[in-house]
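Single-letter residue listing:
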Amino acid sequence: MEEYDVIVIGGGAGGLTVAAGAASLGAHVALIERDENLGGDCLHVGCVPSKALISAANHVYEAKQTAASFGLSVSGSTEMKQIMNHVHQAIAAIQEHDDDERFTKLGIDVIHGTAAFQTKHEIKVGEQVIKGKKIVIATGSRPAVPDIEGLKDSRFLTNQTVFQLDRLPEKLAVIGGGPIGVELAQAFSRLGSEVTIIERSSMLLSKEDDEIRELATDLLGKEMTILTEASIESASAFEDRKELVISQDGVLKTLEVNEILLAAGRKPNSDQLNLNEIGVICDEKGFIKVNDSMQTSLSHIYAIGDVNGNYLFTHAAGMEGKAVVQKAVLGLPNKVKYDHMPWVTYTSPEVFHLGLTEKEAREAHKEIQVFKAPLNEVDRFIADGATDGFVKIITNAGGTILGAHAIGKGAGDWMQTVVFAKQNGKKIGDLSQMVYPYPNHAAAVQKTADLYWREKLFSGILPKLTEKWIKVKP
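Residues numbered from 1 in each chain as written. Predicted model: local features only at pLDDT ≥ 70, side-chain atom pairs only at ≥ 80, totals over all residues. Heavy atoms only, no water.

**What to know about the overall build of the protein**
Part 1: Counting its regular elements, the protein contains 16 helices and 21 strands.
Part 2: At 25 Å, the protein has a C-alpha radius of gyration in line with the 23 Å of a compact globule built from 474 residues.
Part 3: For the protein, the spread of C-alpha atoms along the principal axes amounts to about 95 × 60 × 45 Å.
Part 4: Within the protein, the fraction of its 474 residues that count as buried is 49%.
Part 5: For the protein, the exposed surface amounts to about 23,500 Å²; the carbon and sulfur share of it is 49%.
Part 6: Placing the 49 positive and 62 negative side-chain charges of the protein at their respective mean positions leaves the two points 8 Å apart. (Helix = DSSP H or I, 4+ residues; strand = E, 2+ residues; numbered from the N terminus. Rg over C-alpha atoms; globule rule 2.2 N^0.38 Å. Buried < 20%, exposed > 50% of the residue type's maximum accessible area, 1.4 Å probe, protein only. Areas by Shrake-Rupley, 256 points an atom, 1.4 Å probe, with all protein chains shown as cover. Lys, Arg positive; Asp, Glu negative; His and termini not counted. Charge placed at Lys NZ, Arg CZ, Asp CG, Glu CD.)

This is the structure we're talking about:
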């Protein structure tokens, strides 16, 4: 039986981070991946293909929307096969960086197959059994399938299958109003589908700041139909169509579509690992419980990424993976903190989130300050003709950043400055003191931060000094 210092189960973002990091420090590492290729969901059915699809959809949409204003005309329909070819070219290009050879050159034993615990230190993959001193579970998640009558027989799509479409659906129903649902819904709408989002709760993007979410919903509502507080009673599939029976405000209605896209949450890939048999504790949904060092109820076994349910983002898995390398390989105490964890919903315009929302900040702090600047007052956005959106920075009374939120073209890029500031203990005033090349998009951050100094100057000591100077002036 081969023995390893570290066994990593799962070849996605988190698992690859741990495997490469541990091997670079001299550990004997085995990396187990159930699929044929490394890269995980993010590369093959998640982040990469969805962003390639979004990019293509935005190009199509913008060409149609802006051509007339420049005296041009655009005609023709979307060729879905060409769109998906673009998507799969992006996957293939990135796959080259995550192939087996790269990791075997680092001295890692890459094993393809489904893993399950045989004992607390032994993993069985097919007929092979290997042993590890430390084991890292990074098996990710998959789409959750709600218990809806007829849904399983409706041949619904998920993020795992939608990128195989070769024909654009004329009408598309999207079940779920979270980030995955709204991103893909807008992409298909911009490609030419008639899209309806069906969300059980009262709002889309429920984790976002209220004002940000409201504007995002208003803008999305101009491109598609949004049904909130709507439950699906049943689904049916026919030869030429699919039907959903929807209950909203006590009224039943039937929605006829060509395809149904399911984006109603995620389920952890923990159920085939035999975790109960070895004493690794999961919650009621199957997410593996971990401490702030990513250790499970068995201290030599770690769980990172989607499977622990903390933050279901690729960058979160990578951050957790780095911490585990230091703890598991070097023995250094390293606790994972999510205080500065940003995320972006890649709709158009993009939605950026960092730290506390205004509501959360008011509940947690006695006194807060909120600074907002609309993009229609920022020269670069005016020049781009992309003035929908605003920046919102929330601080305590002393100017320490508690949260930062934005909706706007490219917000996920130009708001990164605020992440650096918050992570490094800088205050909102420091963002104002930076020099911003004119005219750039990040000036939206500067304009928001300038409001802090304006408030300080006009409500602080300066007016009092000015008033005193005027009184004593001869």
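We are not done yet, so read on.
**So, empty space enclosed by the protein**
Part 1: As enumerated under the stated definition, the model contains one cavity of 30 Å³ or more in all.
Part 2: For the largest cavity, the full set of lining residues is Gln 186, Ala 216, Leu 219, Leu 220, Thr 347, Ser 348, Pro 349 and Ile 407.
Part 3: At three residues, the largest contribution of residues to the lining of the largest cavity is made by helix H7 (residues 210–221).
Part 4: Classifying every residue of the lining of the largest cavity by side-chain character gives five nonpolar, three polar and no charged. (1 Å grid on protein atoms, 1.4 Å probe; cavity = no way out; pocket = protein on both sides within 12 Å on 5 of 7 lines; lining within 4 Å. Points joined across faces, edges and corners; volume = space filled by probe spheres on them. Nonpolar A, V, L, I, M, F, W, Y, C, P; charged D, E, K, R; others polar.)

**Points about the environment of Gly 14**
Part 1: Secondary-structure assignment places Gly 14 in helix H1 (residues 13–24).
Part 2: Among the residues examined, Gly 14 registers a relative accessible area of 4% and is labelled buried.
Part 3: Between the C-alpha atoms of Gly 14 and Asp 306, which are 292 residues apart in sequence, the distance is 9.2 Å.

**Comments concerning the pattern of salt bridges**
Part 1: According to the stated counting rule, one finds 19 salt bridges in the structure shown.
Part 2: Asp 271 is the salt-bridge partner of Arg 142, the closest N and O atoms lying 2.8 Å from each other. Of this pair, Arg 142 sits in strand E7 (residues 141–143) while Asp 271 sits in the loop between strand E15 (266–268) and helix H8 (275–278), placing them 129 residues apart in sequence.
Part 3: Across the pair Glu 211 and Lys 372 runs a salt bridge whose closest N-O atoms are separated by 2.8 Å. Here Glu 211, found in helix H7, pairs with Lys 372, found in strand E19 (residues 368–374); they are 161 residues apart in sequence, far enough to count as distant.
Part 4: The class for Glu 211 is partly exposed, based on a relative accessible area of 29%.
Part 5: Each of Asp 209, Glu 211, Glu 358, Arg 362, Lys 372 and Lys 392 takes part in salt bridges that share partners, so that together they form one network. (Salt bridge = Lys/Arg side-chain N within 4 Å of Asp/Glu carboxyl O.)

**Considering the nonpolar core**
Part 1: Counting residues in hydrophobic clusters, the biggest one holds 37 residues, and the most contacted among them are Leu 53, Val 162 and Phe 188.
Part 2: Breaking this core down by element, the ones donating at least two residues are helix H3 (47–67), helix H4 (80–95), strand E8 (171–175), helix H6 (179–191), strand E9 (194–198) and H7.
Part 3: In this structure, Val 162 is in contact with Met 84, Leu 157, Leu 184, Phe 188 and Leu 261, ignoring residues within four places of it in sequence.
Part 4: Counting residues in hydrophobic clusters, the runner-up holds 28 residues, among them Leu 31, Phe 103, Tyr 302 and Met 341. (Core = buried A, V, L, I, M, F, W, Y, C linked by side-chain atoms within 4.5 Å. Contact = heavy atoms within 4.5 Å.)

**Regarding the side chain of His 353**
Part 1: Residue placement: His 353 occurs in strand E18 (residues 350–355).
Part 2: Polar contacts involving the side chain of His 353 include one to the main-chain carbonyl oxygen of Gly 355, which spans 3.1 Å. (Polar contact = N/O pair within 3.5 Å; in protein donor to acceptor, adjacent residues only side chain to side chain.)

**Some details on a nonpolar patch on the surface**
Part 1: Taken together, the side chains of Leu 25, Leu 330 and Leu 332 make up a nonpolar region of the molecular surface, amounting to roughly 260 Å² of accessible area.
Part 2: In this fold, Leu 330 is placed in the loop between helix H9 (314–329) and strand E17 (342–345). (Patch = residues over 30% accessible without salt bridge, like charges linked within 9 Å, V, L, I, M, F, W, Y side chains within 5 Å.)

**Considering the pairing of strand E13 (residues 251–257)**
Part 1: Pairing between strand E12 (residues 242–248) and E13: seven bridges, direction antiparallel. Within the sheet, the bridge partner assigned to Leu 244 lies in E13 and is Leu 255.
Part 2: Two successive antiparallel strands, E12 and E13, enclose a turn made up of two residues, where Asp 249 displays a positive phi of approximately 55 degrees. (Pairing = 2+ DSSP bridges.)

**Here we look at the sheet that holds strand E14 (residues 259–262)**
Part 1: Strand order in the open sheet formed by four strands is E10-E9-E8-E14, with parallel pairing between adjacent strands. Each edge of the sheet is formed by a strand with only one pairing partner; in this case those strands are strand E10 (225–227) and E14. Each strand axis lies, on average, 20 degrees off the axis of its neighbour in the sheet, ignoring direction.
Part 2: Of the strands in this sheet, E8, E9 and E14 are in contact with H6, which crosses E9 at around 165 degrees. (Axes fitted to C-alpha atoms, helices over the stretch in contact; angles between N-to-C directions.)

As far as function goes, none of this settles anything; it's purely spatial.
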